[in-house]
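# Descriptive analysis of the structure
Chain residues, written in single-letter form:
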Amino acid sequence: MKRFAIKEYGLAQDVFEEIDASPREVKDGRLRVALKAFSINPYDVSLRLGNMKEVRPLKFPYVLGNDGAGIVTEIASDVTDFVVGDRVVVHAVGGTYGEEIVVPAKKVAKIPEKMDWAQAAGMVTTGLTAYNLLTHLLDVQPTDVVMIEGASGGVGSSLVQLLHAKGIKVLASASKKNEEKVRELGVAEFAAYDQEDAGERFANQADIVIDATKGSKRGTSGIEIMKPGGRYVALTQLPDLDLREKKSGFYESFVPRKEYQDQEAFSYLLRAYEKGTFTVPISQLLPATLENVIHAHQLVEGHPPAGKIVLTLA
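Right, let's walk through the structure included here. Quantities reported herein were computed from a predicted structural model and do not represent experimental measurements. (Residues numbered from 1 in each chain as written. Predicted model: local features only at pLDDT ≥ 70, side-chain atom pairs only at ≥ 80, totals over all residues. Heavy atoms only, no water.)

Bringing the side chain of Asp67 into the picture now. Tracing the sequence through the fold places Asp67 in strand S5 (residues 67-75). Buried within the structure, Asp67 lacks any salt-bridge partner; its nearest side chain of opposite charge belongs to Lys308, at an N-O separation of 4.3 Å. At 2.8 Å, the side chain of Asp67 forms a polar contact with the side chain of Asn41. The contact partners of Asp67, leaving out residues within four places of it in the chain, are Ala37, Phe38, Ser39, Asn41, Val90, His91, Thr96, Ala121, Val124, Thr125 and Lys308. (Helix = DSSP H or I, 4+ residues; strand = E, 2+ residues; numbered from the N terminus. Buried < 20%, exposed > 50% of the residue type's maximum accessible area, 1.4 Å probe, protein only. Lys, Arg positive; Asp, Glu negative; His and termini not counted. Salt bridge = Lys/Arg side-chain N within 4 Å of Asp/Glu carboxyl O. Polar contact = N/O pair within 3.5 Å; in protein donor to acceptor, adjacent residues only side chain to side chain. Contact = heavy atoms within 4.5 Å.)

With that out of the way, let us pick up the pattern of salt bridges. Side-chain pairing between opposite charges can occur once the charged atoms of the two side chains come close. A complete count under the given rule lists 12 salt bridges for this structure. With a shortest N-O distance of 3.9 Å, Lys110 and Asp86 are connected by a salt bridge. Taken together, the positions of Lys110 in strand S8 (residues 108-110) and Asp86 in the loop between S5 and strand S6 (87-91) put the pair 24 residues apart, joining distant regions of the chain. Residue Arg201 is joined to Glu189 by a salt bridge in which the shortest nitrogen-to-oxygen separation is 3.9 Å.

Taken in spatial order, the 6 strands line up as S11-S10-S9-S12-S13-S14 in an open sheet, and their pairing is parallel. Two strands bound the open sheet, and with one partner strand each, they are strand S11 (189-192) and strand S14 (249-253). The sheet shows a mean angle of 15° between the axes of neighbouring strands, taken without regard to direction. Examined bridge by bridge, strand S9 (residues 145-149) and strand S10 (residues 169-174) share 5 bridges and lie parallel to one another. Note that in S10 the partner of Val145 across the bridge is Lys169. Where helix H4 (residues 124-137) meets the sheet, it contacts strand S12 (206-211), strand S13 (226-234) and S14, and its direction lies at approximately 135° from that of S13. Taken strand by strand, helix H5 (residues 154-165) contacts S9, S10 and S12, and its axis lies near 160° from that of S9. (Pairing = 2+ DSSP bridges. Axes fitted to C-alpha atoms, helices over the stretch in contact; angles between N-to-C directions.)

Turning our attention to the environment of Val124. As for its position among the elements, Val124 is in helix H4. Separated by 123 residues in the primary sequence, Val124 and Met1 have C-alpha atoms spaced 23 Å apart. With residues up to four places along the chain from it excluded, the contact list for Val124 reads Asn66, Asp67, Gly68, Val89, Val90, His91 and Phe266.

With that settled, consider the packing of aromatic side chains. Per the stated rule, a full pass over the model turns up 6 aromatic pairs. Their ring planes at 20° and their centres at 6.3 Å tell us that Phe16 and Tyr97 sit as a pair that is stacked. Of the two residues, Phe16 is situated in strand S2 (residues 16-20) and Tyr97 in the loop between S6 and strand S7 (100-104); the sequence distance between them amounts to 81 residues. Across this residue pair, the class does not change: Phe16 and Tyr97 are buried. A ring pair is formed by Tyr232 and Tyr251, whose centres lie 5.7 Å apart and whose planes are at 40°; its orientation type is tilted. Here Tyr232 is found in strand S13, whereas its partner Tyr251 is found in strand S14, with 19 residues between them in sequence. You'll find Tyr232 and Tyr251 in the same group, each marked buried. A connected cluster of aromatic rings, assembled from ring pairs, spans Phe16, Phe38 and Tyr97. Over the ring of Phe82 we find Lys110; its NZ or CZ atom is 5.8 Å from the centre of that ring. (Phe/Tyr/Trp six-rings, centres within 6.5 Å; stacked < 30°, edge-to-face > 60°. Lys NZ or Arg CZ within 6 Å of the ring centre and 35° of its normal.)

Written out as structure tokens, the structure reads:
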């Protein structure tokens with residue numbers, strides 16, 4: 001079984017290798033999926049670089065990857081919700097960079113026939129994050145105005161679509177080159193951060209600000225945009241304390257929690273996909289080779305194009 005692993009922490013071109021792994025046993029509550037596609041996330045890059053080793057140390061060789069889609073090929077006797085041949089999406093703890101994976105059935109969901117492998121593999125981490133943030137962390141009211149910084153990214157674009165489907169007014173920022181794509185998702189107003197000051201443009205207009213960037217400029221624009229007493233949620237780091245003290249509000253980081261149920265989120269997202277209110281922008285679709293895994297990591301680590309990078313298997 002072909003898999004793409006890292007042999008140590010470091011640069012993508014130095015640490016990735018293709019390995020031949022033995023298939024794992026399908027124990028109770030689990031099933032085997034022959035993967036047809038997997039996607040790359042910034043979290044994968046952080047793991048590879050060793051940025052997470054204090055909280056999540058890896059044992060090498062380690063196969064990265066949380067997001068995948070494929071066909072069920074084997075099921076434990078106590079699993080009754082799936083049959084061999086089902087087309088599914090997978091949210092794994094790790095290991096989707098390869099030809100197959102064994103995962104708990106509760107981390108898998110059937111996908112619609114019209115959904116292709118790239119869309120399915122691309123929706124996982126970004127879609128689940130957006131759903132859980134809006135559903136479990138925030139209580140967005142119909143009259144709220146929500147600002148999404150980094151609206152062209154995977155989570156940002158998912159947030160825009162889910163909010164737009166609820167009739168929520170969405171303000172957004174991204175680079176000028178991605179303006180058309182972001183506007184198509186349903187934003188009410190857009191600011192190109194590389195051509196204007198979004199903080200000045202939308203000053204004190206948002207009840208909720210969500211920083212979905214890879215790391216904004218110390219959070220200054222988001223704080224300006226938030227109304228006094230509003231909420232500021234960061235997917236990465238919160239603004240410095242001295243900045244937060246300049247405006248009253250509730251500041252918090254989004255962290256996935258064990259109580260968040262994948263089946264619940266998948267059900268909502270897949271219904272939205274079938275209704276046409278949720279889709280996954282794909283920037284690149286590449287064959288799953290060692291060279292392309294390395295290339296994809298380098299893109300995500302740098303300045304990737306808007307949309308998900310997905311690798312496909314025959």
